[in-house]
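Per-entry structural report
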Amino acid sequence: MNDRVYNFSPGPAMLPNELMLRAQQEFMDWNGTGMSVMEIGHRTSMFMQIAEHAEHTLRKLLSISDEYHVLFLAGGATLQFSVIPMNILCGKTSADYIDTGIWSAKAMACAEKYTHVHTVCSSKESGYQSIPDRDSWKLNEDAAYCFYTENETISGVEFQSIPDVNAPLVCDMTSSILSRPFDVSRFGAIIAGAQKNIAPAGMTIVIVKKELCGDVLPITPDLQNYQIQAKHDCMLNTPPTFNWYMAGLMFDWIDEQGGLEIMAQRNERKSARLYEYIDSTDFYSNEIPASCRSRMNVVFHFKDDNITARFVDEAANNDMQALKGHRVNGGIRASLYNAMPESGVDHLLDFMKEFARTNG
Ligand SMILES: *Cc1c(COP(=O)(O)O)cnc(C)c1O
């Protein structure tokens, strides 16, 4: 494992070494079949076994009840920004959106093609550096659903609890799913692109309440119709089989590590240690209020932004990759999904201290 680096990429993101080794071991010959998972037909009993195991383990990890479909669909989370309104407007003409960052804004722009998008609140004016107070939200009584982004991957802002609203809650959990336990029964639908915390890019997991499905917009392609996909076990056409398999390995890995409680403890420790150090220095800064700082993407800046490039270069020379912040925000972004070991944060902290000493 000596030539693996600490990869702080926001996505596609690193996967656990144990998982990668297992995939490597099974790559040419899955389960004594003499074939790679990539080479197995999706309707074979072999792949059915892989698919069912993945769904079963995910349902177990999140205690997902039979009231929900769990769908493994081709395409990214952005596609679901359009597919959600197509599927779950349920005859209504408006949906609520909580605007807390670039991903929420993209979801709103996509939904506008299909429904009236009502903005519940927005932190856009302040550069998406916080979540507006619950008291200031203007919810629409008639909304088909209320959409929010649990973790804004770009600015590093995260909801610390599930918001309380009357309409069915829809959440983009692409960069936070499986990072801690949560109550699925609070949601109408959850979407999560795979490439942050689950598997390689190209697949999205949708967890959706069955009772919300069925009354779709007439333009909805069958491939994007949740009810039809569920009826066909997401095999209306060829699904992204290898990604599905990798997702199953990830669910097994989380289970073997001790489940979501353990993930939550590790993720809390990793981010808390970084924020604690950042707050203790004048050299690094993070302006996000503590009540909504992301555990997944820790963003920080230097007083002199010219230092950023040097930090990124020197970190790369010290086995730490992909620390450059998003172009909109500048600075540094350390993404700390489940696969980032605590030793990666130790290594980053040691480097940050030394860098501050020599550049401060
Ligand atoms: C990365 C990301 C997306 C976009 O995912 P794609 O698969 O590239 O469409 C959407 N929402 C959030 C919160 C993300 O972090």
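Everything here concerns the structure above.
Keep in mind it's a predicted model, so treat the numbers as computed, not measured.

**Examining the environment of glycine 330**
With respect to the helices and strands, glycine 330 occurs in the loop between strand E13 (320-321) and strand E14 (332-335). Considered as a pair, glycine 330 and alanine 194 are 136 residues apart in the sequence and their alpha carbons are 25 Å apart. Residues in contact with glycine 330, not counting those within four places in the same chain, are His301 and Gly325.

**Observations concerning the pairing of E14**
Walk down a regular strand and you will see the side chains alternate between the two sheet faces. In E14, alternate side chains face the same way, and those of Ile332 and Ala334 on one face and Arg333 and Ser335 on the other are all buried. Relative to E14, strand E12 (residues 297-302) is paired through four bridges, and the arrangement is antiparallel. Across the sheet, the residue bridging to phenylalanine 300 is isoleucine 332, located in E14.

**Things to note about the sheet that holds E12**
Strand order in the open sheet formed by three strands is E11-E12-E14, and the pairing between neighbours is antiparallel. Two strands lie at the open edges of the sheet, namely strand E11 (284-285) and E14, each paired on one side alone. In the sheet, E11 pairs with E12 via two bridges, with the strands oriented antiparallel. Bridge assignment links serine 285 to a residue of E12, and that residue is histidine 301. Contacting E11, E12 and E14, helix H7 (residues 260-280) crosses the sheet at an angle of about 15 degrees to E12.

**Some words on the packing of helix H8 (residues 307-317) against helix H9 (residues 342-359)**
Between H8 and H9, the shortest axis-to-axis distance is 11 Å and the interhelical angle comes to 135 degrees. As the angle between them shows, H8 and H9 are arranged oblique. Between H8 and H9 lies a crossing of right-handed hand. Taking contact as the criterion, the partners of Ile307, Arg310, Phe311, Glu314 and Ala315 in H8 are, on H9, Leu348, Phe351, Met352, Phe355 and Asn359. Looking at the contact of H8 with H9 residue by residue, the class counts come to seven nonpolar, one polar and two charged.

**Looking at the site of the ligand**
In the region of the ligand, 13 residues are neighbours, and Thr78, Thr153, Asp172, Gln195 and Lys196 sit closest. With respect to the ligand, the side chain of aspartate 172 contributes an N or O atom lying 2.6 Å from a nitrogen atom. Protein chains bury 87% of the 390 Å² of accessible surface belonging to the ligand in isolation. It is helix H3 (residues 77-88) that provides the largest number of residues to the shell around the ligand, a total of three residues.

**A look at the pairing of strand E9 (residues 187-193)**
A large share of E9 lies buried, amounting to seven of its seven residues. Strand direction decides the pairing type here: strand E8 (residues 169-172) and E9, joined by four bridges, are parallel. Each residue of the ladder has a partner; that of aspartate 172, found in E9, is isoleucine 191.

**Description of unusual backbone geometry**
Cis geometry is found at the peptide bond from glycine 11 to proline 12, where omega equals -10 degrees. If you check the backbone angles, tyrosine 128 has positive phi at about 55 degrees while not being a glycine. Within the secondary structure, tyrosine 128 is located in the loop between strand E4 (116-122) and strand E5 (146-149). Of the residues examined, tyrosine 128 reaches a relative accessible area of 10% and is grouped as buried. In this structure, leucine 178 is a non-glycine residue whose phi angle is positive, near 70 degrees. Mapping leucine 178 onto the fold places it in the loop between E8 and E9. Take leucine 178: its relative accessible area is 0%, and that puts it in the buried class.

**A few points about the packing of aromatic side chains**
Throughout the structure, instances matching the rule amount to 24 aromatic pairs. Measuring from centroid to centroid gives 5.9 Å for tyrosine 97 and tyrosine 145, while their planes differ by 70 degrees, and the two rings are edge-to-face. Of this pair, tyrosine 97 sits in strand E3 (residues 94-99) while tyrosine 145 is found in the loop between E4 and E5, placing the two residues 48 residues apart along the sequence. Residues tyrosine 97 and tyrosine 145 agree in their burial class; the two are buried. When the ring of tyrosine 284 is compared with that of phenylalanine 302, the centres are 5.4 Å apart and the planes differ by 50 degrees; the resulting orientation is tilted. Here the residue tyrosine 284 occupies a position in strand E11, and phenylalanine 302 occupies one in strand E12, the gap between them amounting to 18 residues. Across this residue pair, the class does not change: tyrosine 284 and phenylalanine 302 are buried. Counting every residue linked through ring pairs, the aromatic cluster contains Tyr277, Phe283, Tyr284, Phe300, Phe302, Phe311, Phe351 and Phe355. A cation sits over an aromatic face here: lysine 353 above tyrosine 277, 5.6 Å from the ring centre.

Basis of the calculations
Residues numbered from 1 in each chain as written. Predicted model: local features only at pLDDT ≥ 70, side-chain atom pairs only at ≥ 80, totals over all residues. Heavy atoms only, no water. Helix = DSSP H or I, 4+ residues; strand = E, 2+ residues; numbered from the N terminus. Contact = heavy atoms within 4.5 Å. Buried < 20%, exposed > 50% of the residue type's maximum accessible area, 1.4 Å probe, protein only. Pairing = 2+ DSSP bridges. Axes fitted to C-alpha atoms, helices over the stretch in contact; angles between N-to-C directions. Parallel < 35°, antiparallel > 145°, perpendicular 65-115°, else oblique. Left-handed = near helix turned anticlockwise from the far one by under 90°. Nonpolar A, V, L, I, M, F, W, Y, C, P; charged D, E, K, R; others polar. Near = heavy atom within 4 Å. Polar contact = N/O pair within 3.5 Å; in protein donor to acceptor, adjacent residues only side chain to side chain. Areas by Shrake-Rupley, 256 points an atom, 1.4 Å probe, with all protein chains shown as cover. Phe/Tyr/Trp six-rings, centres within 6.5 Å; stacked < 30°, edge-to-face > 60°. Lys NZ or Arg CZ within 6 Å of the ring centre and 35° of its normal.

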